[in-house]
Each structure stands twice: as C-alpha cells, then as structure tokens.
Amino acid sequence: MIYLDNAATSFPKPEPVYQTLDRFARTQLANPGRSGHRMATEAERTLDQARHTLNQFFNGEEPERWIFTLNCTDALNMAIKGVVNPGDHVITSDLEHNSVSRPLVAMERSGMISLTRLSSHDGYLDPDELRAAITPRTKLVALTHAANVLGTVQPIELIAPVVREANALLLVDAAQSAGVVPIDLRKTPIDLLAFPGHKALYGPTGTGVLYVGSRASVRVWREGGTGGDSKHPVQPEELPYRLEGGTPNVLGIAGLAEGVRWVAGQTIEANRRHEVDLLQRVVDWVEGNGDGWRVAGRWEPATHVGALSLIPPDQDVFPSQDLALGLDASHGIAVRAGLHCAPYIHRALGTYPDGTLRVSPGPFNTSEDIEMLLKALTEMTAGVL
Ligand SMILES: Cc1ncc(COP(=O)(O)O)c(C=O)c1O
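Just so we're clear, the structure is a prediction, and the values are computed from it rather than from any experiment.

**Focus: the nonpolar core**
Reasoning step 1: Within the largest apolar cluster, 58 residues are counted, with the highest numbers of intra-cluster contacts made by Phe58, Trp66, Leu130, Leu193 and Phe195.
Reasoning step 2: With 8 residues, the single largest contributor to this core is helix H7 (residues 250–264).
Reasoning step 3: Residues from two domains meet in this core; each of domain 1 (15–264) and domain 2 (267–381) gives at least three.
Reasoning step 4: Beyond its immediate sequence surroundings of up to four residues, leucine 130 is in contact with Ile91, Leu118, Val141, Ile159, Val162 and Val163.
Reasoning step 5: Counting residues in each nonpolar core, the second largest holds 29 residues, with Ala75, Leu76, Ile80 and Leu140 among its members.

**A look at the packing of aromatic side chains**
Reasoning step 1: Following the criterion strictly, the structure yields 9 aromatic pairs and no others.
Reasoning step 2: Ring centres of tyrosine 3 and phenylalanine 11 lie 5.4 Å apart, and the angle between their planes is 70°; this geometry places the pair in the edge-to-face category.
Reasoning step 3: Between the aromatic rings of phenylalanine 57 and phenylalanine 58, the centroid separation amounts to 4.9 Å while the plane-to-plane angle is 90°, which identifies the pairing as edge-to-face.
Reasoning step 4: The buried category is assigned to phenylalanine 58, whose relative accessible area is 1%.
Reasoning step 5: An aromatic cluster of at least three residues, connected via ring pairs, comprises Phe57, Phe58, Trp66, Phe195 and Tyr211.

**Thoughts on the layout of surface pockets**
Reasoning step 1: Here the largest pocket is characterised by a volume of approximately 260 Å³.
Reasoning step 2: Around the largest pocket, the lining is made up of 21 residues, and of these His97, Ser99, Ala175, Gln176 and Lys199 lie nearest the centre.
Reasoning step 3: Summarising the domain contributions, the lining of the largest pocket has at least three residues from each of domain 1 (15–264) and domain 2 (267–381).

**Re helix H6 (residues 156–165)**
Reasoning step 1: Buried within H6 are the following residues: Ile156, Ile159, Ala160, Val162 and Val163. Down the axis of H6, the smallest arc covering the buried residues is 165°, so these residues share one side. Facing away from the buried side of H6 by more than 90 degrees, the exposed set consists of Leu158 and Glu165.
Reasoning step 2: Residues of H6 that are buried make contact with helix H5 (127–133), strand S5 (138–144) and strand S6 (169–173).
Reasoning step 3: Once H6 finishes, asparagine 167 follows within two positions and takes phi at roughly 65°, a positive value.

**Details of the pairing of strand S13 (residues 356–359)**
Reasoning step 1: On S13, burial covers both faces: Thr356 and Arg358 on one face and Leu357 and Val359 on the other are all buried.
Reasoning step 2: Relative to S13, strand S10 (residues 308–311) runs antiparallel, the two being bridged by 3 bridges. Pairing of serine 309 across the sheet is with arginine 358, part of S13.
Reasoning step 3: As paired strands, strand S12 (residues 336–338) and S13 are joined by 3 bridges and run antiparallel to one another. Counterpart to alanine 337 in the pairing with S13 is leucine 357.

**Brief notes about the domain arrangement of the protein chain**
Reasoning step 1: Each assigned domain of the protein chain is listed with its residue range as follows: domain 1 (15–264) and domain 2 (267–381).
Reasoning step 2: Computed over C-alpha atoms, the centres of domain 1 and domain 2 are 28 Å apart.
Reasoning step 3: Contacts between the two partners involve 28 residues from domain 1, matched on the other side by 28 residues from domain 2.
Reasoning step 4: Taken together, the two surfaces of domain 1 and domain 2 that pack against each other cover about 2,300 Å², and 60% of this comes from carbon and sulfur.
Reasoning step 5: Its largest share of buried area at the contact with domain 2, domain 1 owes to Val149, Leu150 and Val180, together 27% of the area lost on that side.
Reasoning step 6: There are 1 salt bridge connecting domain 1 and domain 2.
Reasoning step 7: Measuring nitrogen to oxygen at the nearest pair gives 3.9 Å for the salt bridge that ties arginine 298 to aspartate 122.
Reasoning step 8: One can count 11 residue pairs in polar contact (both at pLDDT 80 or more) joining domain 1 with domain 2.
Reasoning step 9: For the side of domain 1 that touches domain 2, the secondary-structure elements that each account for two or more residues are helix H4 (98–109) and H7.
Reasoning step 10: Per-element accounting of the side of domain 1 that touches domain 2 gives the leading share, 3 residues, to H4.
Reasoning step 11: Within the side of domain 1 that touches domain 2, the residues separate by chemical class into 14 nonpolar, 10 polar and 4 charged.

**Observations concerning the sheet that holds strand S9 (residues 294–295)**
In any sheet, the strands associate via hydrogen bonds between backbone groups, in a parallel or an antiparallel arrangement.
Reasoning step 1: Taken in spatial order, the 4 strands make up an open sheet running S9-S10-S13-S12, and their pairing is antiparallel. If you trace the sheet from one side to the other, it starts and ends with S9 and S12, each paired once.

**A closer look at the sheet that holds S5**
Reasoning step 1: On the basis of which strands lie adjacent, the open sheet formed by 7 strands has the order S2-S8-S7-S6-S5-S3-S4 and mixed pairing. Every interior strand has two partners, whereas the edge strands, strand S2 (66–69) and strand S4 (114–118), have only one. Neighbour-to-neighbour, the strand axes of this sheet turn through a mean angle of 15°, independent of strand direction.
Reasoning step 2: Strands in contact with helix H3 (residues 72–83) are S2, S5, S6, strand S7 (192–196) and strand S8 (208–212); relative to S7, the strand with the most contacts, it is inclined by about 160°.
Reasoning step 3: Contacting strand S3 (89–93), S4, S5 and S6, H4 crosses the sheet at an angle of about 140° to S4.

What counts, and where the lines are drawn
- Residues numbered from 1 in each chain as written.
- Predicted model: local features only at pLDDT ≥ 70, side-chain atom pairs only at ≥ 80, totals over all residues.
- Heavy atoms only, no water.
- Core = buried A, V, L, I, M, F, W, Y, C linked by side-chain atoms within 4.5 Å.
- Buried < 20%, exposed > 50% of the residue type's maximum accessible area, 1.4 Å probe, protein only.
- Helix = DSSP H or I, 4+ residues; strand = E, 2+ residues; numbered from the N terminus.
- Domains from an automatic or database assignment.
- Contact = heavy atoms within 4.5 Å.
- Phe/Tyr/Trp six-rings, centres within 6.5 Å; stacked < 30°, edge-to-face > 60°.
- 1 Å grid on protein atoms, 1.4 Å probe; cavity = no way out; pocket = protein on both sides within 12 Å on 5 of 7 lines; lining within 4 Å.
- Points joined across faces, edges and corners; volume = space filled by probe spheres on them.
- Arc of directions from axis to C-beta.
- Pairing = 2+ DSSP bridges.
- Buried area = accessible area lost by both parts, 1.4 Å probe.
- Salt bridge = Lys/Arg side-chain N within 4 Å of Asp/Glu carboxyl O.
- Polar contact = N/O pair within 3.5 Å; in protein donor to acceptor, adjacent residues only side chain to side chain.
- Nonpolar A, V, L, I, M, F, W, Y, C, P; charged D, E, K, R; others polar.
- Axes fitted to C-alpha atoms, helices over the stretch in contact; angles between N-to-C directions.

Here it is as structure tokens:
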C-alpha cells in the first residue's frame, strides 16, 4: 500500500514508536498512580515525562498544563465547552473541521452564543478581518492553524496578538500543524492549544492533547478517579487532574511521547519541506496536465503543510470518491476524498457536496510514491478527458 493519507492519521510511525509501544505494553502497562506499587509508579512517571516532553517541545508554561485527551476532537470540545458562557460572542472561520464547527454551531442554534465565521481567501485568513470582527462580547476565537482540506498555514503569529489585545481567549486547532510547523507558546500568545497525538507527532490513535494556558480557566470535563486524593468529594481543582478522570491511555501516551522525541530529533522544517517538495511534483503535474485538474487554495510552499486538495476536471464523470476507491482497489494507493469533515470550506470552494481528492504524504513517502499516484490518476482518466 502506498499510504498518502497522513492528514487523517500518520502511517507508518517511526520505528522507535513501535518499539516503545511493544516494550511498554509488555513490561509497564499498569494503571498509573492508582496502586502505589512499582509498576503503577512507573506508569505515572511515563505520564509525567510525556507532559515534560510536550512542555519542552512547545515551550509551554509548565508540564501540568498538558491534558491528555482521546483525540483532537475531545480536546477541542473540552476547550470550547469549558470556557464559553451564555451571551458570549465567538469567532471562528470557514476553514474549520467539524470538531470546532459543530460544537459552536450547536451553541449558536441553542441561542447560547453569537457566532461569526470569518471567510478565508484562497485558504488564508486575514488578521485585519479578525480584528474588525471582534466585539466587546468576544470571549473566544477558535481557529485552525493549518487547514486540513487545503494545507494552508494561517498567520497565527499575527492573529494571536490581535486576540490578546482584545482580552479574548485564543484556541488553536493544531491538528495539522503540531510536529511540522514550529509552535512556541512563549512567543505566540495562544491560550488553548489542541492537537491529536496520532498525526505529525506519530503517536497511536486514541491520543490527543489540550494545553491550557494560565489565562484560560476550563470547566471540569469528566469527573471521576484521578489516582490520588480519593477523599476529595469533587474533582480536584488543580491541573492536570481537574480535566482528566478515569484510567488514561498510558500506552498510547508512551507512544506519543516517543513520537514527540523523534520529531524533536529531526528538524521540523525538514519534515515539512520533504512533504511539500513531494506535493510540488503533484502541483507541477496539475499545471502541466492540461486536462482541467485544479489545486484547491493558493499553493505557497513556504506556508503549506503536507496536505493538498485536488479538484477533478469533471465531478460528474470522475467523482473524487470514485477516484479514491479506484486508487485503492486497482493501484494500492490510499488517499482521502470527500469533504474531510470541513463542509464550510468546500461550500466556499464550490466543491460541496462532492469534495476534493486530498493527497497527504508523510516523512517516509518517496518521490516514487508520488509518481505512482500520478501515473494511476493519468491511467484512470485516460481516454475520457
Ligand atoms: C484540522 C483538524 N481538526 C481536528 C481534527 C480531529 O482530530 P481527531 O480525529 O484526532 O479528533 C482533525 C482530524 O483530521 C483535523 O484535521
């Protein structure tokens, strides 16, 4: 299988991640903190070390502010529902994944909040338009860092100070950027940072993270056991336990921490560059092919992650879903077609409801993989276009 669906989840993982998962599962997989014996203490130490690793990697305020979640969706829900109050105004954008859009639209529909959705231009948000949309009631600005359909990286360094000046909170969905675009929490004033562990940080599925900065007070999310202080009648106030209840995915977190260490040992820019260089070949093919294929959004290699959406020449003849099925069945190539859980940007692009064909290479893909993809697409459409 030629796997070009890393924007959904990364595959394969770096070898040290597999080794850590195997070793941890065989020797250390106890319930962290719960039972005080050596294995439980070791498992707890793994969680602590993972928080330290994340704090160092993203230059956060302190390790306790890193909350482990089920996935990025869980982290985003925790953040949005944990800080927004009735009567608040929230700003988001048309680039968002449903894990941001759906909770916000549900709150808007229930009459709880008012919502402004900024329009992107060729895949990019304009900080001046954000500034103009802020009102005295704006509590939260919830934006993606890198758009999952288009791969375009938003100017978060310009956006964050605008939100801070307005005394609102900034939630950044870093699902497509964490691990491939540098994020320095001390330089960029982000209050809440959500990301999955299973994409460009190379942990397994079932892992996600929410960073809670000191300006954000997030309501208790799920209540239950935290492994310590069982006397307390309600969830403890202090982080991370305030937001973590129940047995955590300590195996997954061990793998995630190894993934972060692996990324930290590379240059982030080199990984992003490798993926963008592979996509440049796809863009060149689109531009040279003359059959009417298009690239969605503005292609700017310097501000792009390794995800690119292609619009087929004629969706009636070649629906993107059929192309993806054909690539899988006849050529052993995995890509993702459709709306990618982000319907608003497809409406803006005019690709709703058919969607696009998204190609997302990872660090282990080669230029041969891309040539195979382009050969297959050429063969599948030959004679009809
Ligand atoms: C931009 C963006 N946000 C959120 C998510 C949700 O991530 P998860 O599947 O880990 O919940 C995704 C997943 O593809 C995404 O691309």
